[in-house]
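# Understanding the architecture of this molecule
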Amino acid sequence: MSNRFLLEVGLEEIPAWMVEDASRQLAREIERGLQELEVDFHSPSRRYNTPRRLAVGVDGLPDRQPDRREVVTGPPTSVAFDDQGRPTQAAHGFAKKMGVEAADLQVEKTVKGDYVSCSRTIEGKALTELLPQVSEKAVRAVQWPKNMYWRPSRFRYIRPIRWMVALLGVREIDFEIEGVKSGRITWGHRFLGQQRLVLSNAEDYPERLVRGYVLADPQQRRQRIEAGLQQAVPEGLSPLADEALMEDVVYLNEYPTVIRGTFEEKYLEIPREVLVTVMRFHQKYFAVVDREGGLRNHFLTVLNTADDEDGRIRKGHEKVLRARLEDAAFFWEGDSAKPLQERVSDLDAVTFQEKLGSYGDKTRRLKVLCGLLAQAWPQLDAPALQTAARLCKTDLTTDMVGELPELQGVMGGLYARRQGHDEKVCQAIYQHYRPASLEEDIPESLEGAALALADKLDTLVGCFGIGMIPKGSRDPFGLRRQAQGIVKILMDLGEKTPAALTLSQLAEWALQEHDPQEPGEEVKGNVLEFLAQRVRHLLEQEGLAYDVINAVLASPVERPHERLRMAQALSAMRGEEDFEALASAFKRIRNILAKARQDLPGVEEDLLEEEAEQELYRHFQDARPQVGRLLQAHEYEAALRRMAALRRPVDRFFDDVMVMAEEERLQLNRLALLRELSRLFLSAADISEIVHKD
């Protein structure tokens, strides 16, 4: 018989950003528990969730666990049988333990020798006996970013568990966690319809909850919200697309309904960024735009209720938003009245980090670092970059950023523009916190990119210098994000950055303005290793194979975009016969050199006696300058193809030449030739890391 299993955990409201991951964990743990019991089921399981519940539905379960055949090993045959081949007392004892006769024992050959053995059938248990343990283990296994704890057991969970449902078809699965027993009673919406809902079987779950005004399927809630947004918006207008806000409201509501409100048109004089942020971050409202993308004086909000027939909820939201916008208008005018230049000295009173000083100290470091960048990067507008470095943190002293910290940098750019600063300065300040994620674009201007690099480098190197290195999930200054931003900027700019702008050079410049607790070289090494990890992460996000990534990251990373381009070239060539054969040969070269002495002499052409080694040396001499020029011109695939052309002389060398010749001079000379070949290959990547595809 095929059954559906349902497990639901009911809780107090879970923070919206935690719901989806927790739901995924619970489903994974249930599936893992069933797999460990060797129980077949239809995969994947169905996941349901709301702010007040996590639930999993698994279809296709049998009534019982399947029977299993088990082979049990007993004593060695040398102990189990005497010289005549008759069973000893040891054999009889083992047979009695297994419930069989000694004559039924079999001989099992193992790497340790021959042993007697017995196979037996272990009868599967009813799933009603097994699912309680699976369910309890799965609920307890969910990991939360933050927890409450129970007294006195110290059981830790995000919120108090209020109820649990566990059904296999129509049968209840009984288990208990911290005094809460499972059953068949779930709960509907807090305020709408019938709240206490009795489930007759697991199949009824989604439909029964709908009758209780709960949409347990997040996709169903999303579709209802999307449809509601389109219905509520006036003709000719549309909701401003906001995927992050959509994710929030999907997991904030059990029965979402969209309503529209308005605000006075005078507030449209406030910058768009401020209006959207007030609505989005503070009120969870969707902004409304016209066909040209201009903001209009409407907002859309998602209610956790069925309707707002008399408009009282709408009026309440309009009143709250009006107060918010009035504050924003006041801050905009008040902050603009004080020039940003006059705010620079105020930064000395704003702490950046206790050991790293104030934002005034950070600003002074940024000016020096931006000066060094401008010297190495002729395309930068040095005066504009210096002005942007001096003013970029001043908006931290404004009332607007105090109220809306999400607008750091953005407000500085807007105030700078309103106060008549050069557009390059405004744009650099506005975008210098970018990118905050892999999805966000880097700053559009070179000055913005340079300022963002300087800001992130100062934070990263400064924190590493005082021992604040991220460990596990702890990363209070977002250093992984800062390092990722550095790497993404350098990757996306590519050849627009000068050759001197290496990760080593950037780290050295940033270190000059700090007084680290540890030796500078040690701090620099840690920073570069941390940045290399971010390069690896970005290459993985590009979908590149692990062996290709290992190949291009085998040597210290200096210019991330070059590693990306090389990885793409390697990916394009892998699988080609000449290249894979050369990769295998290079692996052989690396193994030979690993066992050789390190102080090898230079190659002496007069000692190349065999025709095959002479031929290889000629081809190598031709290839080396060509590969160098191609790499310098960033023509990575062409460089790899030029190296792949060495495949045949390399193969002939290994076929015809004895590398470890008896005469030491010949041996060392051949090893030196292999060393030069190795250096040539490594100038591009460690192609010995490439795994041969059958």
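Scroll up to find the structure this text is about.
Let us look at the structure shown here. Starting from 1, residues in each chain are numbered consecutively following that chain's sequence as written. Confidence filtering applies because this is a predicted model: local features only for residues at pLDDT of at least 70, side-chain atom pairs given and counted only at 80 or more, and all residues used for totals across whole chains, interfaces and linings. Here the side-chain values reflect all heavy atoms present in the structure, with hydrogen atoms and water set aside.

## What to know about the side chain of R675
We apply this condition: Going along the chain from the N terminus, every DSSP run of H or I of four or more residues is numbered as a helix, and every run of E of two or more is numbered as a strand. Side-chain atoms alone can form a polar contact between residues adjacent in sequence; in general such a contact is a pair of N or O atoms within 3.5 Å, and within protein one must be able to donate a hydrogen while the other accepts it. Only heavy atoms matter for contacts: two residues are in contact if any of them lie within 4.5 Å across the pair.
Turning to its location among the elements, R675 is positioned in helix α26 (residues 664-682). At a separation of 2.9 Å, a polar atom in the side chain of R675 contacts the main-chain carbonyl oxygen of L600. At 3.1 Å, the side chain of R675 forms a polar contact with the side chain of E676. Apart from residues no more than four positions distant in its own chain, R675 is found in contact with L593, L600, P601 and G602.

## Details of the packing of helix α6 (residues 218-232) against helix α7 (residues 243-252)
The line we're drawing: Note on definitions: angles span 0 to 180 degrees between N-to-C directions of axes, and those axes are lines fitted to C-alpha atoms, for helices only across the stretch in contact. If an angle is under 35 degrees, it is roughly parallel; if it is over 145, roughly antiparallel; if it lies from 65 to 115, roughly perpendicular; otherwise it is oblique. A clockwise turn of the near helix away from the far one marks a right-handed crossing, whereas an anticlockwise turn of less than a right angle marks a left-handed crossing. Residues were grouped as follows: Ala, Val, Leu, Ile, Met, Phe, Trp, Tyr, Cys and Pro as nonpolar; Asp, Glu, Lys and Arg as charged; and all remaining residues, including Gly, as polar.
With their axes 9 Å apart at the nearest point, α6 and α7 run at an angle of 120° to one another. With respect to α7, the axis of α6 lies oblique. Two packed elements cross with a definite hand, and for α6 against α7 that hand is right-handed. Counting all contacts with α6, which are made through P218, R221, R222, I225, E226 and L229, the residues of α7 involved are E243, M246, E247, V249, V250 and Y251. Class assignment of the residues belonging to the contact of α6 with α7 gives a composition of 7 nonpolar, no polar and 5 charged.

## Let's talk about helix α1 (residues 16-36)
Condition: What a helix is expected to span follows from its residue count: subtract one and scale by 1.5 Å.
When the terminal C-alpha atoms of α1 are compared, their 32 Å separation across 21 residues agrees well with the 30 Å that a helix rising 1.5 Å per residue should span. E38 sits one or two positions beyond α1 and adopts a positive phi of about 60°.

## Some points on the pattern of salt bridges
Two side chains carrying opposite charge are able to pair once their charged atoms lie near each other. Applicable threshold: For this document, the term salt bridge refers to a Lys or Arg side-chain nitrogen within 4 Å of an Asp or Glu carboxyl oxygen.
The tally for this structure, following the rule as stated, stands at 60 salt bridges. For D381, the salt bridge identified is with K424, shortest N-O distance 3.5 Å. One end of the pair, D381, is in the loop between α11 (359-376) and α12 (382-391); the other, K424, is in helix α15 (residues 423-431), and 43 residues separate them in sequence. One salt bridge connects R624 with E676, and the closest N-O pair in it is separated by 3.5 Å.

## Digging into empty space enclosed by the protein
The criterion, for reference: Method remark: on a 1 Å grid restricted to protein atoms, a set of points is classed as a cavity if a 1.4 Å probe fits but cannot get out and as a pocket if it is open with protein on both sides within 12 Å along at least five of seven lines; lining residues have an atom within 4 Å of a point. Grid points are joined across faces, edges and corners, and a volume is the space filled by probe spheres set on the points.
Considering all chains together, one arrives at 2 cavities of 30 Å³ or more under this definition. In this structure, the largest cavity encloses a volume near 60 Å³. As for the largest cavity, its lining consists of V278, H282, R324, D327, A328, F331, M400, E403 and L404. Elements that contribute at least two residues to the lining of the largest cavity include exactly α8 (272-282), α9 (312-336) and α13 (399-403). Here the lining of the largest cavity gets 4 residues from one element, more than from any other, and that element is α9. Among the residues making up the lining of the largest cavity, the classes are represented as 5 nonpolar, 1 polar and 3 charged. Taken as a whole, the second largest cavity encloses approximately 40 Å³ of empty space. L240, D242, L245, V276, R280, Y285, F286 and A287 are the residues that line the second largest cavity. Counting residues per element, the lining of the second largest cavity draws most heavily on strand β17 (residues 285-289), at 3 residues.

## Some words on the layout of surface pockets
A volume near 910 Å³ is recorded for the largest pocket. If you go around the largest pocket, you meet 30 residues; those closest to its centre are E406, Q408, Y433, A436 and E440. Secondary structure elements with two or more residues in the lining of the largest pocket: α8, α11, α15, α16 (446-465) and α17 (479-493). Among the elements that make up the lining of the largest pocket, the one with the highest residue count is α8 (5 residues). Taken together, the residues of the lining of the largest pocket sort by class into 13 nonpolar, 6 polar and 11 charged.

## Quick notes on the sheet that holds β17
Whether parallel or antiparallel, the strands of a sheet pair through hydrogen bonds between backbone atoms. Where we set the bar: Each pair of strands is called paired provided DSSP finds at least two bridges between the two strands.
With antiparallel pairing, the 4 strands of this open sheet are ordered in space as β15-β17-β18-β16. Two strands in the sheet have a free side with no partner beyond their single neighbour: β15 (238-239) and β16 (257-262). Sheet topology places β17 next to strand β18 (residues 295-303); 4 bridges connect them, and they run antiparallel. Considered in β18, the bridge of A287 is made with F299. The strands touched by α6 are β15, β16, β17 and β18; relative to β16, the strand with the most contacts, the crossing angle is about 30°.

## Looking at the packing of aromatic side chains
Selection criterion: Between the rings of Phe, Tyr and Trp (Trp by its six-membered ring), a pair exists once the centres lie within 6.5 Å; its type follows the angle of the planes, with under 30 degrees stacked, over 60 edge-to-face, and the other angles tilted. Relative accessible area decides the class of each residue, using a 1.4 Å probe on protein chains only: under 20% of the type maximum gives buried, over 50% gives exposed, and in between gives partly exposed. A ring has a charge above it when a Lys NZ or an Arg CZ is no more than 6 Å from the ring centre and no more than 35 degrees off the ring normal.
All told, the structure shown has 14 aromatic pairs when counted by the stated rule. With centroids separated by 5.7 Å and ring planes inclined at 85°, the aromatic side chains of F352 and F477 adopt a geometry described as edge-to-face. Of this pair, F352 sits in strand β19 (residues 351-353) while F477 sits in the loop between α16 and α17; the two residues are 125 residues apart in sequence, bridging distant segments of the chain. F477 gets classed as partly exposed once you look at its relative accessible area, which sits at 24%. Ring centres 5.0 Å apart and planes at 80° place the aromatic pair F586 and F681 in the edge-to-face group. Of the two residues, F586 is situated in helix α22 (residues 577-595) and F681 in helix α26; the sequence distance between them amounts to 95 residues. There is no split in this pair, since F586 and F681 are both buried. Within the aromatic cluster, the residues linked to one another by ring pairs are W144, W150, F155 and Y157. Here the basic side chain of R224 rests over the ring of Y255, its NZ or CZ set 4.3 Å away from the ring centre.

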